[in-house]
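Each chain is listed here by its residues.
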Amino acid sequence: MPRLRNIPKSSLCKTPKGLASLGSNMGTLRIRLPRTISINRATIPLGLQDTPANRVLADRILRQLQLDLDNNTFQWEDRHKYRNLAQPHQLNTITPPKAIDLWSRYTESRQPYLETSTILKDYQAIATRLQKAKITDLTTAKLKLLQVPYSLEIVKRTLAQLQAMTKWAAKQKLITNLPELLDALDHTEIRQTKGSQNKTRRAFTKQEQLTILEAFQSDRFSPRQAHSHYYNYVYFLFNFGCRPSEAVGIQWQDIDFKQQQIIFQRSYSTVTRQEKSIKTHTTRTFPLTGSRLLWLQSIYPDHPIPENLIFPSPTGLPITHPNFLRDLWQPILKTLVDLGEIERYLPPNNTRHTFITQAIASGMEEEDVAHICGNSDRTIRQHYKAKKRQIQVNDF
């Protein structure tokens, strides 16, 4: 078997394990194994014509084989894998996984790091959108999502999640065209709709807060369902800066009157109907002073059971927040808007924005507000602290 003449230096790998070389027979490239592997100098045909372009590919394969020799990982029985490396076109014959299958595998990989409620709610929502838009090929995902149609905000969030998925899939070697997919899923040109801009950075005024609380306490709009039962729950949302899921899950054992603090360490998922940790997975404390301390003492039962919820539903079960939103919050607040008693409707989550905005306006440092609310001061500024409705320029 003739040797290949004028072999570049890069094609000869001298190592303690022996020399592997690149050769040619009848115009076809092959790798010759060192005598330390086979006295008869066995060869591995690559099935490549001896051309300059194929020599570049063959040289890379030779280097991989030599590396395996050096690491004692070369097995004669696995020699065919080097021949397969010489067939790059085979990579393109693999049918890429369908979008919904890829998302399912991605979701499964994320389960150890996410709450069950997040998987069931947010990740399942992405799966539903992929099915509803009939997306099988990710390169057409953006167009199909816009055709359903979904709001621009939903499309933007979905594309962002799909980009994260493709990056994971590329690391898992499930896809080979990452740059193409990231470009197809790009969402930077999708602007927020007018209605979504700054919608989180809105808060009720102090007077609107009092109006809403009075409406709940007085059963003002209760021809069908009394809502004064939920007054304490709404009061807590406005005055303690927590998330609704945290207020729903708080128990009497979380109130420490001796240390004068609330310990936020649990919340309640209406998706799984189970207790879970708070969003940041970090216990935080809220100091109890002044009117807040007096109010909690006023509703403290004579013989409290530590594990009992502070704000149960009328049936004694945890408040189902979607039902509270649909049956009570929305009807009451939209009626108040129609009557001109509050300026606009805002969801229950904005009671948290209201607390943060009023706390900062009262003179509290943003860092302190962020600490008791379980956020960074940057998040407080960017997402929670509401802009003033009317700006007054002081004399200076």
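To keep things clear, this report deals only with the structure shown in the data block. As the structure is a prediction and not an experimental result, all values here were calculated from the model. (Residues numbered from 1 in each chain as written. Predicted model: local features only at pLDDT ≥ 70, side-chain atom pairs only at ≥ 80, totals over all residues. Heavy atoms only, no water.)

### What about helix 1 (residues 52-70)?
Move 1: With 19 residues, helix 1 extends 27 Å between its outermost C-alpha atoms, agreeing within 8% with the 27 Å of an ideal straight helix rising 1.5 Å per residue.
Move 2: Of the residues making up helix 1, those classed as buried are Arg55, Leu57, Ala58, Asp59, Ile61, Leu62, Leu65, Gln66, Asp68 and Leu69.
Move 3: Of the residues flanking the end of helix 1, it is Asn72, one or two places downstream, whose phi is positive at about 60 degrees. (Helix = DSSP H or I, 4+ residues; strand = E, 2+ residues; numbered from the N terminus. Expected span 1.5 Å × (residues − 1). Buried < 20%, exposed > 50% of the residue type's maximum accessible area, 1.4 Å probe, protein only.)

### Considerations on the sheet that holds strand 5 (residues 255-256)
Move 1: Across the sheet, three strands lie side by side as 5-6-9; this open sheet has antiparallel pairing. With partners counted over all chains shown, the strands left at the sheet margins are strand 5 and strand 9 (284-287), one partner each.
Move 2: Alignment of strand 5 against strand 6 (residues 261-264), held across two bridges, turns out to be antiparallel. Within the sheet, the bridge partner assigned to Asp256 lies in strand 6 and is Gln261. (Pairing = 2+ DSSP bridges.)

### A closer look at unusual backbone geometry
Move 1: For Lys134, which is not glycine, the phi torsion reads 55 degrees and is therefore positive.
Move 2: The class of Lys134 is exposed, set by a relative accessible area of 65%.
Move 3: Positioned with a positive phi, Gln260 is a non-glycine residue whose angle comes to about 55 degrees.
Move 4: With respect to the secondary-structure elements, Gln260 resides in the loop between strand 5 and strand 6.
Move 5: Gln260 sits in the partly exposed class, given a relative accessible area of 37%.

### Remarks on the nonpolar core
Move 1: Of all hydrophobic cores here, the largest spans 46 residues; its most connected members are Ile212, Phe216, Tyr233, Phe236, Ile262, Phe324 and Trp329.
Move 2: Sorting the residues of this core by element identifies helix 8 (206-217), helix 9 (231-240), helix 10 (244-249), strand 6, helix 11 (290-299), helix 12 (321-338), helix 13 (350-361) and helix 14 (366-373) as the ones contributing at least two each.
Move 3: The dominant element in this core, judged by the number of residues it contributes, is helix 9, at eight residues.
Move 4: When near neighbours in sequence (up to four residues on either side) are disregarded, Phe216 contacts His227, Ser228, Tyr230, Tyr231, Val234, Phe324, Leu328, Trp329, Ile332 and Leu333.
Move 5: Counting residues in hydrophobic clusters, the runner-up holds 26 residues, among them Tyr123, Leu130, Ile135 and Ile175. (Core = buried A, V, L, I, M, F, W, Y, C linked by side-chain atoms within 4.5 Å. Contact = heavy atoms within 4.5 Å.)

### Here's the deal with the side chain of Ser267
Move 1: Structurally, the position occupied by Ser267 is in strand 7 (residues 267-269).
Move 2: With a relative accessible area of 2%, Ser267 lands in the buried category.
Move 3: Setting aside residues no more than four positions away along its own chain, Ser267 makes contact with Ser245, Glu246, Gly249, Gln274, Glu275, Lys276, Ser277 and Ile278.

This is a description of form; function is not addressed.
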